[in-house]
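Architecture at a glance
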Amino acid sequence: MTAGMQITNTRVLISHIPEGVAPNKDHFRAETITVDAPVLKKDELLVKNLIFSLDPYIRHEFPEGKIESLVTGFAIARVVSTNNENFPVGSLVFSPSTWETYTHFHEPQYIADITMLDGAMDPSVPLPAYNGVLGVPGFTAWDSLNRIGDLKAGETIYISSAAGTLGQLAGQLAKRKGLRVIGSAGTDEKVSFLKNELGFDGAFNYKTQDRRTALTELVGEAGLDIYYDLVGDDTTEIAIDLLNPHGRILAVGILLIHQNSEPYAPKNLINILFKQLRYQGYIVFEHYGGLGRFWEEMTVLVAKGEIKYTDTVLKHGVEAIGETYVKFLSGAFQGKVNIQVAEV
Ligand SMILES: NC(=O)c1ccc[n+]([C@@H]2O[C@H](COP(=O)([O-])OP(=O)(O)OC[C@H]3O[C@@H](n4cnc5c(N)ncnc54)[C@H](OP(=O)(O)O)[C@@H]3O)[C@@H](O)[C@H]2O)c1
């Protein structure tokens, strides 16, 4: 694409969502505009977005002001025009992209977050996996467990939202390290999947079973050593009661809060002192330097099917991303959700 050419760009704009209101399809508006292709300054590039990743955190990227604005998520994209020697035309990249056909990267902080996929990819692994099990969610599960989990064989770990992208991988990684793995999910099908497909030692449906009773029974006399928290609700209080001395809570996800709920403050935090527990948070953005090691270790396991994952690849235009995102937030899917908007 050269200067002077025009591009036709479909983009999704989101309007202000009042506090306490869940997003619905009327909050999104799509428009198609034809504009001049940008003249790229040094380091800038223009990509065509191919496969968007739907992630729960995007909910927090929605604008706070009253003016409509673009939404930024992650996407696998192809470079169509470049003034950046690290990303030649034709390269496949993984980047924080706006919900539109073409994204013009001009802000240094976004350019810094573009990752080259050519060379890192295994051709036997489907490309959308680089949004999920081999993308930021997978890396988060791997890195958080390695960095702050202090996993020991024989210990018991409980994972909330275990059938989601992070939960599936966290559970399998903990199994590979010899831990006893318990998980919870929101449907009986997901619970069977955890036990029968992923080899979890125990799982329960947090929507139909009493969480304290179910978790207490599954943990049994051995007690709990690690709570891998992806939800941020009052389950933390139950976990604190069940944790053994020197147990750990890994605060990694806040699924409850993505649905506009108040964060829950556990009332038994005093037990952190009595049981000498560690309650630690983790944010992936500080740790991207480890992506290379993650791919080195995990790509082969995913390619051989030794690490399993489920994902959904929906094929539709950019204009319907908002509507699909609303459905996604309701928990309608299992594992990673991708929207493919163009042929690769
Ligand atoms: N700390 C970091 O750096 C970092 C990095 C990446 C992701 N995260 C966070 O990790 C969490 C999980 O991400 P993910 O990519 O694994 O999500 P995901 O694959 O999109 O999984 C979402 C699933 O979570 C379950 N869920 C939704 N609301 C829930 C609730 N209130 N209580 C329990 N389960 C609920 C739903 O399944 P059910 O049918 O089981 O309810 C839903 O399908 C998110 O909060 C995400 O923002 C954190």
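Being a predicted model, the structure only gives us computed values, none of them experimental. Every residue gets a number counted from 1 within its own chain, in the order that chain's sequence is written. Confidence filtering applies because this is a predicted model: local features only for residues at pLDDT of at least 70, side-chain atom pairs given and counted only at 80 or more, and all residues used for totals across whole chains, interfaces and linings. With hydrogens and water set aside, each side-chain value is computed from the structure's full complement of heavy atoms.

Strand pairing is assigned whenever DSSP detects at least two bridges linking the two strands. The helix count covers DSSP runs of H or I at least four residues long, the strand count covers runs of E at least two residues long, and both are numbered beginning at the N terminus. Bridge count for strand β12 (residues 224-229) against strand β13 (residues 243-251) is 5 bridges, and the pairing is parallel. Bridging across to β13, Ile226 finds its partner in Arg248. Sheet analysis places β13 next to strand β14 (residues 278-281), joined by 4 bridges and oriented parallel. Paired with Leu250 across the two strands is Gln280, which belongs to β14.

Relative accessible area decides the class of each residue, using a 1.4 Å probe on protein chains only: under 20% of the type maximum gives buried, over 50% gives exposed, and in between gives partly exposed. Within helix α6 (residues 235-242), 7 of the 8 residues are buried, which leaves it mostly tucked inside the rest of the structure. Turning to α6, its buried residues are Thr235, Thr236, Glu237, Ile238, Ala239, Ile240 and Leu242. Of the surrounding secondary structure, the elements contacted by the buried residues of α6 are β9 (156-159), α5 (211-219), β12, β13, α8 (270-274) and β14. For this analysis, residues touch if any pair of their heavy atoms sits within 4.5 Å.

Quick look at the nonpolar core now. Take the buried residues of types Ala, Val, Leu, Ile, Met, Phe, Trp, Tyr and Cys, join any two whose side-chain atoms come within 4.5 Å, and each joined set is a nonpolar core. Leu134, Ile157, Ile159, Leu194, Tyr228 and Met298 are the most contacted members of the largest nonpolar core, which totals 54 residues. All the domain ranges listed were derived from an automatic or database domain assignment. Residue contributions to this core reach at least three from each of two domains, namely domain 1 (6-132 + 310-340) and domain 2 (136-285). Ile157 has contacts with Leu145, Ala174, Leu179, Arg180, Val181, Ile182, Leu224, Ile226 and Tyr228, leaving out every residue within four places of it along the chain. Ile14, Phe28, Trp99 and Phe328 belong to the second largest nonpolar core, which has 19 residues in total.

Read from one edge to the other, the open sheet built from 6 strands follows the order β11-β10-β9-β12-β13-β14, with strand pairing classed as parallel. The open sheet terminates on both sides in strands that have one partner only, identified here as β11 (202-205) and β14. Geometrically, the sheet is characterised by an average inter-axis angle of 15 degrees between neighbouring strands, direction not taken into account. Examined bridge by bridge, strand β10 (residues 180-185) and β11 share 4 bridges and lie parallel to one another. The partner of Ser184 across the bridge, within β11, is Phe204. For helices, the fitted axis covers only the stretch in contact; all axes are lines through C-alpha atoms, and the angles between them, taken along N-to-C directions, range from 0 to 180 degrees. The sheet contacts of helix α3 (residues 165-176) involve β9, β10 and β12, and relative to β9 the element is tilted by about 170 degrees.

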